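So the chains spell out like this:
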Amino acid sequence: MSEPLLEVKDLRVEFPTRRGTLTAVDGISFTIAPGEVLGVVGESGAGKSLTGMAIIGLLEPPGRIAGGEIRLEGRRIDTLPYDEMRRIRGRRIGAIFQDPLTSLNPLYTIGEQLVETIQTHLDTSPQQARSRALALLGEVGIPAAESRFDHYPHQFSGGMRQRVVIALALCAEPRLIVADEPTTALDVSIQAQIITLLKRLARDHGTAVLLITHDMGVIAETADRVAVMYAGRIAEIGPVREVIHAPRHPYSVGLMGSIPKIREYATAASGDASKRPRLVQIEGSMPRLTAIPSGCAFHPRCPKRFEPCDRERPELFVAGANRTACWLYGEPTR
Amino acid sequence: MANPPDNRPLLRLSEVSKDFDVSRPWLNRVLEGTPQQLLRAVDGMSFELRRGETLALVGESGCGKSTVARLIVGLYAPTKGRIEFDGIDLGLPGAAALRRRMQMIFQDPYASLNPRWRVMDIVAEPIRVLGLAKSPAEIVDRVGKLLVQVGLAREDREKYPHEFSGGQRQRISIARALSGSPEFLVCDEPTSALDVSVQAQILNLMTTLQETLGLTYLFISHNLAVVSHVADRVGVMYLGRLAELSDADELFARPKHPYTRMLLDAIPDLAMSGKARTPVAGEVPNPLDPPAGCAFHPRCPHANERCRVERPAPLPHGTSLVACHAVHEGRIRA
């Protein structure tokens, strides 16, 4: 494999509070290669968005990086002073957030916002910036870009706005895009268009994408590899096909089973027609940050827990093509 | 349910429409000489709900599905048309008493529970209002039983909503809806605010309750995969109109209306069969200015002159109702 573009090692994000320090992201490590799409899935509170925010250096205080390191193209970026990080953000790392309306300034036309972003990061004349902005709008699939250039964000529909946000993220040809729930606010038909667009852009530009979402369907369509997060830790990481079709960690297994799929008619018809099939259920809910269980954080809900699970925290063990933090796949130390 | 099966529909909507006045204030209109502007959110909807079944209404945002839910429970009055419950027109004076036989579950469990009330009072409110219990002790007993029925503990009645997670709050909403002993529940996106594993818990709970209590559900959702799990019949809405109404098995196995096909195509493919998806072009048109003829024609690959001019009515096609000229003319194979 080629040199990783992004390397996250043992990252910890903490929130100091009056009642003690809460660890929201607890020692996670992963890499992304150029042109690769890494999906991060998990339920609310799993720490996936905070991981993204830590990488782009936008953690809201009092949240802070308490340990580990983040390297972009070999260079450490988590310790950079604010001003230097500002130059990297936008230039080397682009960001796409969930709600396109709050990512855009309602008082400026989209053309002005694109040109401003391009001129902030690249040394171009206003004319060059304008023609680049128009090219970008065309590339993200905004019809009649020339005539929409002077429109304000409110004059666009949700899907079109998200395209503008993607164009903004691409302005300076960043090497990495952090996309946090980019399709969650959109309708399914628009969602499909945006996914297709993201995938094509990553391929054409060789841009790496960190795709954060709770929607396994989006991951299945877009990602090359996927990391499943639970309670601030990576439960399982591996090629997307393996994680979806052959999940190893009991949490991943439960998560995949609980996703409703369009009914399988052949099997539904043969079963008892009066009884509806039930979805796989994981009992209980994700622990609060104030009460992360000892050992493996999933053990109180795990149907397969055994002796070491509540004592010792598992590291990522190799399990087939995946790596998974579960004692079923490794030997506890004595 | 020892009685012979009752074949009369529980609920019947006939040509129901709902207009919202979205004009500017009266004085502005007079000064600027602009006409009144009406938005037709629901446009001539007719369908029936059979006893004990689950009918799902699906569609993208703004298609009017939530308005239909609110019309049925009486939160809005229809502009035109008739809604009958158990054979009685809900618009007649005195018919309001029928509404105690229906209840509603809302989407956002954070907004739909009063944060200053204890769970006891939240769940007991319908019992008190409808006078279903003779003594305070009986109310406490009923609330306790309801909480156990939805998977909470009796002691939870002393707590406040903020002490519960999203999924538990939705269980409280369900307990509240059930406390009036309704036979019909209108569920407006009951799981869209929840994480997938919690969604699975709630969907399974709703299925169990339907089987034990013989409830009838109107299930509003934008998520076709969820709908395929819970629904007996599915109505697909587009711009305030019914595009297709079919048995669930039929709809998912053989979608007929081009819009239904498009929606099914847009669902991210978890099986990763690698089938090429044709992302749907276009977006839902502005409901203030709906297209003439079939509302879907600007996005439809099969549209011809007739579709642009003549509005299709939902007509029987096989066991389904389909509002599409192309299907009825045999221009597309069903």
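Reading guide: rules and limits
Residues numbered from 1 in each chain as written. Chains lettered and ligands numbered in written order. Predicted model: local features only at pLDDT ≥ 70, side-chain atom pairs only at ≥ 80, totals over all residues. Helix = DSSP H or I, 4+ residues; strand = E, 2+ residues; numbered from the N terminus. Rg over C-alpha atoms; globule rule 2.2 N^0.38 Å. Buried ≥ 20, exposed ≤ 12 C-beta atoms within 10 Å, placed from the backbone. Contact = placed C-beta atoms within 7 Å. Nonpolar A, V, L, I, M, F, W, Y, C, P; charged D, E, K, R; others polar. Core = buried A, V, L, I, M, F, W, Y, C linked by C-beta atoms within 7 Å. Pairing = 2+ DSSP bridges. Domains from an automatic or database assignment. Axes fitted to C-alpha atoms, helices over the stretch in contact; angles between N-to-C directions. Parallel < 35°, antiparallel > 145°, perpendicular 65-115°, else oblique. Left-handed = near helix turned anticlockwise from the far one by under 90°. Expected span 1.5 Å × (residues − 1).

A. Just the overall build of chain B, in detail. Scanning chain B from terminus to terminus reveals eleven helices and twelve strands. Relative to its length of 334 residues, chain B is compact, with a C-alpha radius of gyration of 22 Å against a globular reference of 20 Å. Projected onto its principal axes, the C-alpha positions of chain B cover 70 × 60 × 40 Å. Burial analysis of chain B (334 residues in total) assigns 44% to the buried set.

B. Highlighting the overall build of chain A. The secondary structure content of chain A amounts to twelve helices and twelve strands. On C-alpha atoms alone, chain A measures out to a radius of gyration of 21 Å, which is about the 20 Å that the 2.2 N^0.38 rule sets for 334 residues. Across the 334 residues of chain A, 46% fall into the buried class. Across chain A, contacts joining residues at least 24 apart in sequence account for 64% of those joining residues at least 6 apart.

C. Highlighting the interface of chain B and chain A. Contacts between chain B and chain A engage 34 residues on the former and 36 residues on the latter. Looking at the side of chain B that touches chain A, the elements with two or more residues in it are α6 (196–213), α7 (224–230), α8 (248–253) and α9 (258–266) of chain B. Of all the elements, α6 of chain B adds the most residues to the side of chain B that touches chain A, at eight residues. Split by residue class, the side of chain B that touches chain A holds 18 nonpolar, ten polar and six charged.

D. Looking closely at the nonpolar core. Judged by nonpolar contacts, the single largest core of 186 residues is most densely connected at Ala54, Leu210, Leu211 and Val228 of chain A together with Leu218 of chain B. Looking at this core element by element, the count peaks at eight residues for helix α7 (residues 158–170) of chain A. Setting aside anything within four residues of it in sequence, one finds Val228 of chain A in contact with Val41, Gly42, Ala235, Glu236, Val243, His249, Tyr251, Ser252 and Leu255 of chain A.

E. Seen up close, the pairing of strand β3 (residues 54–58) of chain B. All names here are of chain B. Counting buried positions over the five residues of β3 gives five, a clear majority of the element. Sheet topology places β3 next to strand β8 (residues 216–221); five bridges connect them, and they run parallel. From the neighbouring strand, Ala56 faces β8, where its bridge partner is Phe219. Looking at chain direction, β3 and strand β9 (residues 233–238) are connected through four bridges and run parallel.

F. Looking closely at the domain arrangement of chain A. Residue and element names in this part refer to chain A. According to the domain assignment, chain A contains domain 1 (6–223) and domain 2 (249–260 + 278–334). If you look at the interface, domain 1 gives six residues, while domain 2 gives four residues. Here the side of domain 1 that touches domain 2 is composed, by residue class, of four nonpolar, one polar and one charged.

G. Region of the structure containing the packing of α7 of chain A against helix α8 (residues 188–205) of chain A. Residues and elements named next belong to chain A. α8 packs onto α7 with a crossing angle of 15 degrees between their chain directions and a minimal axis gap of 10 Å. One finds that α7 runs roughly parallel with respect to α8. Considering how the two elements wind past one another, α7 and α8 form a crossing that is right-handed. Contacts between α7 and α8 involve Gly158, Gly159, Gln162, Ile166 and Leu170 from the first element and Ile190, Gln193, Ile194, Leu197 and Leu201 from the second. Residues of the contact of α7 with α8, tallied by class, amount to six nonpolar, four polar and no charged.

H. Main features of the sheet that holds strand β8 (residues 208–213) of chain A. Residues and elements named next belong to chain A. Strand order in the open sheet formed by eight strands is β6-β7-β8-β3-β9-β10-β12-β11, and the pairing between neighbours is mixed. A strand with exactly one partner marks an edge of an open sheet, and here the two such strands are β6 (93–96) and β11 (317–319). Strand after strand, the sheet turns through a mean of 20 degrees between neighbouring axes, direction not considered. The sheet contact formed by strand β3 (residues 37–41) and strand β9 (residues 225–230) spans four bridges and is parallel. Bridge pairing links Leu38 to Arg225 in β9.

I. The arrangement of α7 of chain A in detail. Residue and element names in this part refer to chain A. Look at α7: 19 Å from first C-alpha to last across 13 residues, which is about the 18 Å you get at 1.5 Å a residue. Among the 13 residues that make up α7, twelve are buried, leaving the element largely enclosed by the rest of the structure. All of the buried residues along α7 are Gly159, Met160, Arg161, Gln162, Arg163, Val164, Val165, Ile166, Ala167, Leu168, Ala169 and Leu170. Residues of α7 that are buried sit in contact with β6, α3 (100–103), α4 (110–121), α5 (126–139), β7 (176–180) and α8.

J. Summary view of the domain arrangement of chain B. Residues and elements named next belong to chain B. Assigned domains within chain B: domain 1 (11–253) and domain 2 (254–274 + 293–334). Centre-to-centre separation of domain 1 and domain 2, based on C-alpha positions: 28 Å. The interface is formed by 15 residues belonging to domain 1 together with 17 residues belonging to domain 2. Among the elements that take part in the side of domain 1 that touches domain 2, strand β10 (residues 241–247) stands out by supplying seven residues, more than any other. Grouping the constituent residues of the side of domain 1 that touches domain 2 by class yields ten nonpolar, one polar and four charged.

K. Local environment of the environment of Thr51 of chain A. Examined against the element boundaries, Thr51 of chain A turns out to sit in helix α1 (residues 48–55). Ignoring anything within four residues of it in the chain, the contact list for Thr51 of chain A reads Leu11, Val25, Ile28 and Val40 of chain A.

L. Here's a closer look at the packing of helix α3 (residues 119–130) of chain B against helix α4 (residues 136–149) of chain B. Residue and element names in this part refer to chain B. It is the contact of α3 with α4, at a shortest axis distance of 10 Å, that shows an interaxial angle of 115 degrees. Seen along the crossing, α3 lies across α4 with a hand that is right-handed. Residue-level inspection shows Met120, Val123, Ala124, Ile127 and Arg128 of α3 in contact with α4, the latter providing Ile139, Arg142, Val143, Leu146 and Leu147. Of the residues that constitute the contact of α3 with α4, the class distribution is eight nonpolar, no polar and two charged.

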